[in-house]
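# Tertiary structure, described
As a plain string of letters, each chain reads:
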Amino acid sequence: MKELRVGIAGLGRLGRVHAANLAHKIPGAVLTAACVPGADSQAYARQELGLEKVYGDFREMVADPELDAVAIVSPSGEHCWQIEAALDAGKHVFSEKPLGVTMEQCLQAEAAVARHPELVCMLGFMRRYDKSYAYAKEKITAGAIGTPYLVKSTGIDPEAVVEGAIRYSGTSGGIFLDSAIHDMDLMRWFLGSEAAEVYAMGCTFKHPDFKAAGDDETGVAVYKFKNGAMGMVHVGRTAPYGYHIETEIVGTEGTIRISAVPEKNRAMVYDVNGARTECVESFPERFAEAYLTEMEEFVRCVREGRKPDTGVADGIYATRVGYATTEAWKTGKIVKI
């Protein structure tokens, strides 16, 4: 097909990553429009991205007959109605996770996808497109570690951005919905099974503002899967050394560990502090290549007329598990999923 003409909704930190990729790095795609509230973001769209079509209303953007697809990188609560509006307007859709912040919203998006089987709708679980995670999946599928029976995931945001996390904590849905959706998706992906029950807990030792907002700065959850496998998640917001994402998959014949040290690169710094490896500082830095790869896959799916591997069903699953985990955290009880 001709070049895929894409409009983007949202130009926050991640939105600007996707916008730059669509504008400059993906053959077969061209960024032609943006929908953003606020003068600053609209000025960025015009001046930095060179866009002539800049909208304040999402429905107006998707009504543009010259637009083929939209990338939705708006606040989480906007995703589902925007997915529905875009599909109903005949546009292919890429949406960032989470799919929605309530199950009702997720089912609304699912119904819209069912109405439009001719269109591509892809959800942004970008870790599946990270080279290390994709390689681990290939090794597991090939039987390199036997039967996987345990996934241990760690995800801790840097202390350097904790003030933003505190401001957001009152509306985030809680630490597990906010921080562990990717881990829930990966456990299912690696173990080849769905979670059956969960027990969770949280604590706050450094920033009492989290507790005052009804949240926690650290959370731990343990899962039992339908095939008997297990999962463990540790999420937090106060890593003093950078952005720490680590995953370990344990099998009957071996183990794969991804990013045991959240290293920035392969350089070793020798100075007054000794010999050390610097750490990656943020999710856009750690997963820069994965964000590009997943958007390239979206464009290929549309141009080749095929469905992506990550869709609304994956988003519904992750949301359902996220809510069950949040219930377990709040009640202190084991929750069936």
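Let me begin by describing the structure that accompanies this report. (Residues numbered from 1 in each chain as written. Predicted model: local features only at pLDDT ≥ 70, side-chain atom pairs only at ≥ 80, totals over all residues. Heavy atoms only, no water.)

## Observations concerning a nonpolar patch on the surface
- Residues Tyr199, Met201, Val220, Val222, Met232 and Ile334 make up a contiguous nonpolar surface patch of roughly 510 Å² in combined accessible area.
- Breaking the nonpolar patch down by element, the ones donating at least two residues are strand E8 (195-203) and strand E9 (218-225).
- Mapping Met232 onto the fold places it in strand E10 (residues 230-239).
- For Met232, a relative accessible area of 38% translates into the label partly exposed. (Patch = residues over 30% accessible without salt bridge, like charges linked within 9 Å, V, L, I, M, F, W, Y side chains within 5 Å. Areas by Shrake-Rupley, 256 points an atom, 1.4 Å probe, with all protein chains shown as cover. Salt bridge = Lys/Arg side-chain N within 4 Å of Asp/Glu carboxyl O. Helix = DSSP H or I, 4+ residues; strand = E, 2+ residues; numbered from the N terminus. Buried < 20%, exposed > 50% of the residue type's maximum accessible area, 1.4 Å probe, protein only.)

## Description of the packing of helix H1 (residues 13-24) against helix H12 (residues 288-304)
- H12 packs onto H1 with a crossing angle of 55° between their chain directions and a minimal axis gap of 10 Å. In terms of axis orientation, H1 runs oblique to H12. For H1 against H12, the interelement crossing comes out right-handed. Packed against H1, whose contacting residues are Leu14, Val17, His18, Asn21 and Leu22, the element H12 presents Tyr291, Leu292, Glu294 and Met295 at the interface.
- The residue makeup of the contact of H1 with H12, split by class, is 6 nonpolar, 2 polar and 1 charged. (Axes fitted to C-alpha atoms, helices over the stretch in contact; angles between N-to-C directions. Parallel < 35°, antiparallel > 145°, perpendicular 65-115°, else oblique. Left-handed = near helix turned anticlockwise from the far one by under 90°. Contact = heavy atoms within 4.5 Å. Nonpolar A, V, L, I, M, F, W, Y, C, P; charged D, E, K, R; others polar.)

## Notes on the side chain of Asp68
- When you line up the elements, Asp68 lands in the loop between helix H3 (58-62) and strand E4 (69-72).
- Residue Asp68 is classed as buried on the basis of its relative accessible area, which comes to 11%.
- A polar side-chain atom of Asp68 sits 2.9 Å from the main-chain amide nitrogen of Arg5.
- Excluding residues within four positions of it along the chain, Asp68 makes contact with Lys2, Glu3, Leu4, Arg5, Gly90, Lys91 and His92. (Polar contact = N/O pair within 3.5 Å; in protein donor to acceptor, adjacent residues only side chain to side chain.)

## Here's the deal with the sheet that holds strand E11 (residues 244-251)
- The 7 strands lie next to each other as E12-E11-E7-E10-E9-E8-E15, forming an open sheet whose pairing is mixed. The open sheet is flanked by strand E12 (254-258) and strand E15 (335-336), the only strands paired with a single partner.
- Bridge analysis of strand E7 (residues 148-158) against E10 gives 8 bridges, and the strand direction is parallel. Along E10, the bridge assignment pairs Gly155 with Val235.
- Strands in contact with helix H9 (residues 181-191) are E7, E9, E10, E11 and E12; relative to E7, the strand with the most contacts, it is inclined by about 160°. (Pairing = 2+ DSSP bridges.)

## Details of the packing of helix H5 (residues 103-115) against helix H13 (residues 312-331)
- Axis separation between H5 and H13 bottoms out at 10 Å; the angle between their running directions is 170°. One finds that H5 runs roughly antiparallel with respect to H13. In this structure, H5 contributes Met103, Cys106, Leu107, Glu110 and Val113 to the contact, and H13 contributes Val312, Ile316, Thr319 and Arg320.
- Of the residues belonging to the contact of H5 with H13, the class tally is 6 nonpolar, 1 polar and 2 charged.

## Observations regarding unusual backbone geometry
- Cis geometry is found at the peptide bond from Lys97 to Pro98, where omega equals -10°.
- Tracing the backbone shows Pro98 in the loop between strand E5 (92-96) and H5.
- Look at Ser259: it is not a glycine, yet its phi comes out positive at around 60°.

## A closer look at the sheet that holds strand E1 (residues 4-9)
- Ordered in space as E3-E2-E1-E4-E5-E6, the 6 strands form an open sheet in which the pairing is parallel. The open sheet has two free edges, formed respectively by strand E3 (53-55) and strand E6 (121-124), since each of these has just one partner strand. Averaged over all adjacent pairs, the angle separating strand axes in this sheet is 25°, with direction ignored.
- In this structure, E1 lies alongside strand E2 (residues 29-35), joined through 6 bridges in parallel fashion. By the bridge assignment for E2, Arg5 is matched with Val30.
- Sitting on the sheet, H1 is in contact with E1, E2, E4 and E5, with an inclination near 145° to E2.
- Strands E1, E4, E5 and E6 of the sheet are contacted by helix H4 (residues 79-88), whose axis makes an angle of about 170° with E5.

## Re the pattern of salt bridges
- Evaluated as defined, the whole model comprises 28 salt bridges.
- With a closest N to O distance of 2.9 Å, Lys53 and Glu66 form a salt bridge. Note that Lys53 is positioned in strand E3 and Glu66 in the loop between H3 and E4, a separation of 13 residues in sequence.
- A salt bridge links Glu246 to Arg257; its shortest N-O distance comes to 3.9 Å. Of this pair, Glu246 sits in strand E11 while Arg257 sits in strand E12, and the two are 11 residues apart along the sequence.
- Judged by its relative accessible area of 15%, Glu246 falls in the buried class.
- When its relative accessible area of 47% is taken as the criterion, Arg257 is described as partly exposed.

## Quick word on H1
- The first and last C-alpha atoms of H1 sit 17 Å apart over 12 residues, in line with the 16 Å expected at 1.5 Å per residue.
- Every buried residue belonging to H1 is among Leu14, Gly15, His18, Ala19, Asn21 and Leu22, and all of these are buried. Considered in projection along H1, the buried side chains sweep an arc of 165° and stay on one side of the axis. For H1, the exposed residues lying more than 90 degrees away from the buried face are Arg13 and His24.
- Considering only its buried residues, H1 is in contact with E1, E2, E4, E5, helix H11 (283-286) and H12. (Expected span 1.5 Å × (residues − 1). Arc of directions from axis to C-beta.)

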